[in-house]
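Listed below, chain by chain, are the residues.
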Amino acid sequence: MADTSKRTRYFLRYLAAFCVPVLCITTLLLFFDYRNQISATQSRGIGQLQQMAANIDYLETKIHSTTLHMSGNDRLTSLDTTSFDPATYTSNRIFGLLHSYENNLPSGVTMLYYLRGGQYIYSNEKFFSYNDFIASSDYEAALGRADLYLMLNSVQEKTLIGLDSYDGSEAYCTALYCPIPEIDDAPEATVCFLLRDAFFQDVAEQYFPRMEACAVVTDGHQLVFNGAASLYTAEQAVELLEKNPGSGVMRLAVSEKPFIFLRERSANSDYNYGVLIPEEIFFQNTEQKFGLLSLLVCVMLLFSIAAAMFLAYSHYISVYRANERIDSVSEELGARNQLIREMVLRRLVKGTIENDDEAVLAYNLRCAGLDFAHPYFAVFVCDWKDLTLSEDAITNAIGALNRLRNDCVAMYPAQIPEDDRLAVILNFRQAEQDQNAIAAEICAALKEQGIAGYAAGMGLVYGSPFQIDDSYVEALVAISEAMPLLPCGAHIFSTAEKLDEQSYQYPYAEYALIEQSIRNGNSGVAVDAIRHVVERIDKIGASPLIRKCLHFDLINMIIKVAATSRHPLSNAEIAQLSSWESKDALTQQLEGILRRLAEQAKSENAESQKSAKFALIDYVQTNFRDNALTLETLATHFNLSYTYVSKVFKEETGHTFLSYLTQLRFQYIKKQLESTDTPIKEIAAAAGYNDLTNFMRKFKNAEGITPGQYRTGHQA
C-alpha cells in the first residue's frame, strides 16, 4: 500500500507538471486559433462576395456599354422605323448588328429590341411584328400579363423592374429597359434585358460552391434578385440590406436556424449585395480544423500522461533503488558497527585494552558507540559449548538481552564465538546489587528464546572498566569449579567458602583463577591471585617450617600451571624458585613467570586464531567447487562452532560465507565461459552447481545477463 501511494504521488506530481502547462498553452492556442480561423473565414467570405459583386457589376457595365453603343450607332438611330421591312437588305444588316449585340451578352440574359414606329420586336435572332410575336412561342404569357411587353413602347429613361412579385415570372428576376437613343426625348426604339434567376444562382454557386448560399441583390429600394425567397419576401430582403448597409458579417436566426449574413455595397453602382449561408456550413472548414487541433491537443495530453507515467515510474524505481542502496549501506554499516561493538566488548572481556590507559579505553568506547553510565562492573557468562545453537538463535538471544531495561544496571552482551560462550558485561549503578535478580532476569530472557541447559557464572563487582576481564575470569572459574549456585542456577565466584572448605594448604580457587587467566592471556588476574595466596600464607599462625612448606606448595602449583599451559619451566627456573631467600623475592619471581606465561598464551591465542582464519579461507578457496561445501560442513571439518566460522568470513572478507563462495564459483565459471566451448551445464556442474535452473537464475541476478549471452559478448 505504501509503494502504491508513493507511485500515485509521483504520477500526480509529474502529471500536474506536464498537463497543467500543456492544458493552459493548448487552451490559449485553441482560443486564438479558433478566433483567427473565424476571422479568416469571415474575411474569405467577404472576399468571395466582393468577387461575386464585381461579376454582377461587370454585367451591369456590359449592359450599359451595349446600350450606349446602340445609342451611338447611326444604323440604329437613323433607321426609319415607320417604313422598316424585315425582308429588305437593310433589315438584314440591322439583324446582323442586333445579333452581334445579343451574342456579346452572357448566358442567362435575354435581349428584346423593339422598334417603336413600326412595332417590330427582335427576339432570339428573329424579327417579329408585334402581333406575330404575341402569337409566337417566344412570347411569355406571364410577362404579358404583367404588361412588361407594353412598357417597351412607353419608357423614356432607363428603368429597372424587379419581377419577384409577379406571379408566373419565376424564370426571370429583373427587367432592365433602356430607350434608344438613350438621351433622346423621342427615342426610336427600346432595348430590354431580361435577367434570369439562373444567372444569379450560377454566380452565387461559382463563388460559394456547395454552401447553400442564398444571394440577395438590390438597386436602391428596388429588388434585383432574391435568392432567399424561401426565407424573406421581396420587401423583407430590401429592408434587410437597407438596415445593414456597407460591408460586414452578421449572425441571423431565421426560423430558429442560424445563418451567416455577408453584405457588400458595389463601388461602381447602386447595387447592394447580400448572401445568407447556414452557419454550420459556413464554418464547416473551421470546425474541421478546430477538430484536428483538438485531436492534436488530446494526443499531446495523452503523451503528457504517458510521459508522466514513465517519469513517475522511473523516479519511483530510482528512488526505490536508492532506498535499497541506502538500506544496504545502512545494514552494512549497522553490521560493521555491531562488529566493532562486539570487538570492543570482547577486548574488555579479554583484557586486551592496556590497563589504566584512559585515552585508549575512551577511543575504543567511542568507536563502538558505548557509554558506561554507571561506575561498577561485573560479568555474567553463559557457557554453551555442550549445546548446538544456530547463529540465528544466538543473534536472537543477544537481541533479547539488549532489549532488557533496568534502571539499576545496563547490560552489554558479547559473543565469544571461539569459546562458545556469551559474556554479558553488567554496568551497575551501585556496588551492592541483587546479583540473583540480575542473573534471573538474564536467564529468563534466554529461556524465552528457547535456550536452556547451559552453564552460567558471575564474577565479582569491580569499580573500574579495566577490571572487567578480572570478573570474566572469575565467572569462568565459578563455572569450572562449580562454586555456589544462585537460586536462578548460576554459579557466583567466591574465594572465602572454598578456602574454608579446603583449608589453607591448597588454594583451589586461586589455582583455577591463575590457570584460567593464563589461558586467556590475562596476567593481571594471575598476579593478583598469587599475591593473595602469599599474603594468606603469611597471615596464618603457623611455624616457619609450615609456611615454607606452603610456599613450596605454591611453587609446585605454578610449575603445574606452566606445564598445563604447554610452556613448562626450565630446570634453571625451577632451581631458582627452590632457592628463594625471602617472601618478596619469591613473589617477584612468581609474578615474572606468570606474566611471561600470560604473554606467551596471549600471543599463541592470537596466532592460533589468525591461523584458523587463514586456514578456513584457504580451504574454501581450494575446495569451492565441491558441491557439498556448506558452512556446517566447514565448521565440522575444523572442529569450530558454526557461529564462529560465519563471523570469521564476515570479518575477514566483508561478505557472508555463501556470498564469498558464490563469488569464487562465478569467477571460475566466467573464466571458463570466456576461454572454452565447454557446455554451460558441464561448467556449472564442475563449479558445484548440480541444479542448472538454480544456477541460471543466480547468474542472471548477479550479472544481469544469461551465461550464454556472457559467453557471446566476451568471446567475440
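Here the structure is a predicted model, which is why all the values come from computation and not from measurement.

**What about the packing of helix H22 (residues 657-675) against helix H24 (residues 692-703)?**
Then step 1. Viewed as axis vectors pointing N to C, H22 and H24 meet at an angle of 90°, and their least axial separation amounts to 12 Å. With respect to each other, H22 and H24 are oriented roughly perpendicular. Contacts between H22 and H24 pair Phe666, Ile669, Lys670 and Leu673 from the former with Phe695, Lys698, Phe699, Ala702 and Glu703 from the latter.

**Let's talk about the pattern of salt bridges**
Then step 1. Summed over the entire model, instances satisfying the criterion amount to nine salt bridges.
Then step 2. Of the charged contacts, one joins Lys243 and Glu239 as a salt bridge, the two residues approaching to 2.9 Å between their closest N and O atoms. A residue pair is termed a helical-turn pair when its members lie 3 or 4 positions apart in one helix, as Lys243 and Glu239 do in helix H7 (residues 234-243) at four residues.
Then step 3. Across the pair Glu342 and Lys647 runs a salt bridge whose closest N-O atoms are separated by 3.0 Å. Taken together, the positions of Glu342 in helix H9 (residues 284-350) and Lys647 in helix H21 (residues 642-653) put the pair 305 residues apart, joining distant regions of the chain.
Then step 4. Take Glu342: its relative accessible area is 5%, and that puts it in the buried class.
Then step 5. Judged by relative accessible area, Lys647 falls into the buried class, the value being 15%.
Then step 6. Shared partners join several salt bridges into a network, and the residues in it are Glu342, Arg346, Lys647 and Glu651.

**Describing the packing of aromatic side chains**
Then step 1. Counted according to the given criterion, the structure contains 21 aromatic pairs.
Then step 2. Ring geometry for Tyr114 against Tyr130: centres 6.5 Å apart, planes inclined by 75°, an arrangement best described as edge-to-face. With Tyr114 in strand E1 (residues 109-115) and Tyr130 in helix H4 (residues 130-135), this pair connects stretches of sequence that are 16 residues apart. An identical accessibility class is assigned to Tyr114 and Tyr130; each is buried.

Conventions used here
- Residues numbered from 1 in each chain as written.
- Predicted model: local features only at pLDDT ≥ 70, side-chain atom pairs only at ≥ 80, totals over all residues.
- Heavy atoms only, no water.
- Axes fitted to C-alpha atoms, helices over the stretch in contact; angles between N-to-C directions.
- Helix = DSSP H or I, 4+ residues; strand = E, 2+ residues; numbered from the N terminus.
- Parallel < 35°, antiparallel > 145°, perpendicular 65-115°, else oblique.
- Contact = heavy atoms within 4.5 Å.
- Salt bridge = Lys/Arg side-chain N within 4 Å of Asp/Glu carboxyl O.
- Buried < 20%, exposed > 50% of the residue type's maximum accessible area, 1.4 Å probe, protein only.
- Phe/Tyr/Trp six-rings, centres within 6.5 Å; stacked < 30°, edge-to-face > 60°.

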